[in-house]
Amino acid sequence: MDATPLIEDVIDREGGYVDHPADRGGPTRFGITQAVARAEGYAGPIRELPRAAAATFYRRSYWQAPAFDRVASRAPALAAELFDTGVNMGPAVAATFLQRVLNALNREQRDWADVAVDGAIGAKTLYALDTLLATRGPAAEAVLVKAINALQGERYLRLAETRPASEAFLYGWLAHRVDTSRV
């Protein structure tokens, strides 16, 4: 699966330069925070971050590093959901959502052993995913996407409840990020 359409879509959705006072991440360009840009080696002003650099950062830090590319070869809709969730919440959060769901779907470890909920997709997480897909068939991918969307929505709501400034983003998060129609 080529991640380019996913990356281009998120860059378009995130827009250009934004500095919302309620956003704890600070100023962004194409959804990339200054902290991420610096970690990726970009030293210029975030306001001037080139689109191509943002695309490179997304591919490296939000697709390849968290191993969503390895998920994509097994379950492309799931990988797309993990990528989108990871962009908005952090790749480790998206990966923990997957790990939690896989652990809850393993029928009390009869199908596979629980995986560590550590936010790192490795061989054990991929084995659990492969086993679920083989055991439950094509519908399993859609179930995983729905479960991750449910966790994502709950996290957004909790953020708004615990940090009132996040209420400024809740409607948009729910309207544009929580979407079970992708499968």
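Please read all numbers here as calculations on a predicted model, not as lab measurements. (Residues numbered from 1 in each chain as written. Predicted model: local features only at pLDDT ≥ 70, side-chain atom pairs only at ≥ 80, totals over all residues. Heavy atoms only, no water.)

> Can you break down the sheet that holds strand 2 (residues 28-29) residue by residue, with the values?
Strand order in the open sheet made by the three strands is 1-2-3, with antiparallel pairing throughout. Because the sheet does not close on itself, it has two edges, and the strands there are strand 1 (17-18) and strand 3 (32-33). Relative to strand 3, strand 2 is paired through two bridges, and the arrangement is antiparallel. Note on strand 3: the bridge partner recorded for R29 is I32. (Pairing = 2+ DSSP bridges. Helix = DSSP H or I, 4+ residues; strand = E, 2+ residues; numbered from the N terminus.)

> Please set out the nonpolar core residue by residue, giving values where relevant.
Residues Y58, L78 and F83 are the most contacted members of the largest nonpolar core, which totals 57 residues. Dropping the residues within four chain positions of it, L78 is found in contact with V71, L98, L129, E141, L144, V145 and I148. (Core = buried A, V, L, I, M, F, W, Y, C linked by side-chain atoms within 4.5 Å. Buried < 20%, exposed > 50% of the residue type's maximum accessible area, 1.4 Å probe, protein only. Contact = heavy atoms within 4.5 Å.)

> I'd like to hear about the packing of aromatic side chains, residue by residue, with values.
Taken as a whole and assessed by the stated rule, the structure comprises five aromatic pairs. Taken together, a centroid distance of 6.3 Å and an interplanar angle of 70 degrees make the contact between Y58 and F83 edge-to-face. One end of the pair, Y58, is in helix 3 (residues 51-64); the other, F83, is in helix 5 (residues 76-89), and 25 residues separate them in sequence. Across the pair, exposure class does not vary: Y58 and F83 are buried alike. The interplanar angle of 20 degrees and the centroid separation of 4.8 Å between the aromatic rings of Y156 and W173 together place this pair among those described as stacked. On the criterion of sequence distance, the pair formed by Y156 in helix 8 (residues 139-162) and W173 in helix 9 (residues 167-176) is long-range, its members being 17 residues apart. There is no split in this pair, since Y156 and W173 are both buried. Grouping aromatic residues by their ring pairs yields a cluster made of Y58, Y62, W63 and F83. (Phe/Tyr/Trp six-rings, centres within 6.5 Å; stacked < 30°, edge-to-face > 60°.)

> With reference to specific residues and values, describe the pattern of salt bridges.
For the structure shown, the criterion picks out eight salt bridges. Between R60 and E40 there is a salt bridge whose closest N-O contact spans 2.6 Å. On the criterion of sequence distance, the pair formed by R60 in helix 3 and E40 in the loop between helix 2 (34-39) and helix 3 is long-range, its members being 20 residues apart. The exposure class of R60 is partly exposed, given its relative accessible area of 38%. Overlapping salt bridges, with partners in common, bring together E8, D12 and R51 in one network. (Salt bridge = Lys/Arg side-chain N within 4 Å of Asp/Glu carboxyl O.)

> Which residues make up the layout of surface pockets, and what values do they have?
Roughly 990 Å³ of volume is contained in the largest pocket. Contributing to the lining of the largest pocket are 31 residues, with E14, D23, V87, N88 and W173 lying nearest its centre. Of all the secondary structure elements, the ones that give two or more residues to the lining of the largest pocket are helix 1 (4-14), strand 3, helix 2, helix 3, helix 5, helix 8 and helix 9. Classifying every residue of the lining of the largest pocket by side-chain character gives 13 nonpolar, ten polar and eight charged. (1 Å grid on protein atoms, 1.4 Å probe; cavity = no way out; pocket = protein on both sides within 12 Å on 5 of 7 lines; lining within 4 Å. Points joined across faces, edges and corners; volume = space filled by probe spheres on them. Nonpolar A, V, L, I, M, F, W, Y, C, P; charged D, E, K, R; others polar.)

Read these as geometric descriptors, not functional statements.
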